[in-house]
Amino acid sequence: MGLRQVEQRLERLVEGAFSKGLRGGLQPVEIGRRLTREMDLLRRVGVRGLIAPNFFVVTLSAEDAERFRSFVDVLARELGDAAREHARTEGYNFVGPVEVEIHLDEGLKAGRFTVEAEVVEGPEGLPAGSLALADGTRITIGAEPVSIGRLPECGVVVSDPNVSRRHAEVRRQGTDVVVVDLQSTNGTRVNGVPVRERVLADGDEITVGTTAIRYEMS
């Protein structure tokens, strides 16, 4: 089931604007299958369960790199999201942020590609954790708290009159990640429930004003 979800995600990538230029030849779903296979092959047992690779290097032929050139950043982001989805389905953990780099090798023939995967610890050896914003941006949660609010110096800036200048903060507390409401005017919600402070779980949705921010352990 997990692999099928990954395939469906990558199949959507070539719909609409991308489909015309990607008929025939190497398809993103083929790369996604190889990437998730590497995750399965290289998983290992860690202190907190199964640990999967989180850093991937995809190497394409010159011809395929040219075909994907106009949306290579989107492809890398979608492959990263597919890796997170596969990990969530299979119960894998990451020890650092998920990153996908796409390289070119002039020696590869069209349709041929390689995927190298490895486990790379996050900054300061902290467990993986990030905030996924609606525009696709990801904010990695490091040792320093991430503030959310209207002020331009906040880690997550929200342009919403219903959001306080410094509305909430996401911080590490031992091995946990917690969200703390900073006595905001309209409050902070997690999965629709008002909170003052709460330990976050993978997939929790933090809402400030009308803005939703997803917490992911990756």
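Residues numbered from 1 in each chain as written. Predicted model: local features only at pLDDT ≥ 70, side-chain atom pairs only at ≥ 80, totals over all residues. Heavy atoms only, no water.

Spatial strand order, 9-8-10-11-14: 5 strands in an open sheet with mixed pairing. This sheet does not close on itself; its edge strands, each paired only once, are strand 9 (156-157) and strand 14 (197-199). One ladder, built from 3 bridges, connects strand 8 (residues 146-149) with strand 10 (residues 168-173); its direction is antiparallel. When the bridges of strand 10 are listed, Ile148 appears paired with Ala168. (Pairing = 2+ DSSP bridges. Helix = DSSP H or I, 4+ residues; strand = E, 2+ residues; numbered from the N terminus.)

The end-to-end C-alpha distance of helix 2 (residues 28-42), which contains 15 residues, comes to 21 Å, matching closely the 21 Å that a straight helix rising 1.5 Å per residue would cover. Listed as buried for helix 2 are Pro28, Val29, Ile31, Gly32, Leu35, Thr36, Glu38 and Met39. (Expected span 1.5 Å × (residues − 1). Buried < 20%, exposed > 50% of the residue type's maximum accessible area, 1.4 Å probe, protein only.)

By the criterion of burial, strand 11 (residues 176-181) is predominantly enclosed, with 5 of the 6 residues buried. The sheet contact formed by strand 10 and strand 11 spans 6 bridges and is antiparallel. For Val170, the partnering residue across the bridge sits in strand 11 and is Val179. From the end of strand 10 to the start of strand 11, which pair antiparallel, there are 2 residues, and Gly174 there has a positive phi angle of about 70°. Sheet topology note: the strand 11/strand 14 ladder contains 3 bridges and is antiparallel.

Turning next to the packing of aromatic side chains. With the rule as written, the count across this model stands at 1 aromatic pair. Ring geometry for Phe68 and Phe71: centres 6.0 Å apart, planes at 70°, overall edge-to-face. Note on accessibility: Phe68 and Phe71 belong to one class, buried. The lysine or arginine in question, Arg34, covers the ring of Phe113, its NZ or CZ lying 4.2 Å from the ring centre. (Phe/Tyr/Trp six-rings, centres within 6.5 Å; stacked < 30°, edge-to-face > 60°. Lys NZ or Arg CZ within 6 Å of the ring centre and 35° of its normal.)

We now examine helix 4 (residues 72-90). Compared with an ideal rise of 1.5 Å per residue, which puts 19 residues at 27 Å, helix 4 spans 27 Å between its outermost C-alpha atoms and is within 8% of the ideal. Within the span of helix 4, buried status applies to Leu75, Ala76, Glu78, Leu79, Gly80, Asp81, Ala82, Ala83, Arg84, Glu85, His86 and Ala87. Directly beyond the C-terminal end of helix 4, a positive phi value near 80° is found at Gly91.

In this section: the pattern of salt bridges. In this structure the tally under the stated criterion is 11 salt bridges. In this structure, Arg138 engages Glu216 in a salt bridge whose closest nitrogen and oxygen atoms are separated by 2.7 Å. With Arg138 in strand 7 (residues 138-140) and Glu216 in strand 16 (residues 211-216), the pair connects residues that are 78 residues apart, well separated along the chain. (Salt bridge = Lys/Arg side-chain N within 4 Å of Asp/Glu carboxyl O.)

Put simply, the largest pocket is a space of about 390 Å³. Around the largest pocket sit 22 residues that line it, and Arg48, Phe94, Val95, Pro127 and Ala128 are the ones nearest its centre. For the lining of the largest pocket, the secondary structure elements donating two or more residues are strand 1 (44-46) and strand 11. By residue class, the composition of the lining of the largest pocket is 13 nonpolar, 4 polar and 5 charged. (1 Å grid on protein atoms, 1.4 Å probe; cavity = no way out; pocket = protein on both sides within 12 Å on 5 of 7 lines; lining within 4 Å. Points joined across faces, edges and corners; volume = space filled by probe spheres on them. Nonpolar A, V, L, I, M, F, W, Y, C, P; charged D, E, K, R; others polar.)

Looking now at the packing of helix 2 against helix 4. Two quantities define a packed helix pair, namely the angle between the helix axes and the distance between the axes. One can describe the packing of helix 2 onto helix 4 by two numbers: an axis separation of 10 Å at closest approach and a directional angle of 40°. In terms of orientation, helix 2 lies oblique with respect to helix 4. Crossing angle aside, the handedness with which helix 2 passes helix 4 is right-handed. Along the contact surface, helix 2 presents Pro28, Ile31, Gly32, Leu35, Thr36, Met39 and Asp40, while helix 4 presents Leu75, Leu79, Ala83, His86 and Ala87. Here the contact of helix 2 with helix 4 is composed, by residue class, of 8 nonpolar, 3 polar and 1 charged. (Axes fitted to C-alpha atoms, helices over the stretch in contact; angles between N-to-C directions. Parallel < 35°, antiparallel > 145°, perpendicular 65-115°, else oblique. Left-handed = near helix turned anticlockwise from the far one by under 90°. Contact = heavy atoms within 4.5 Å.)

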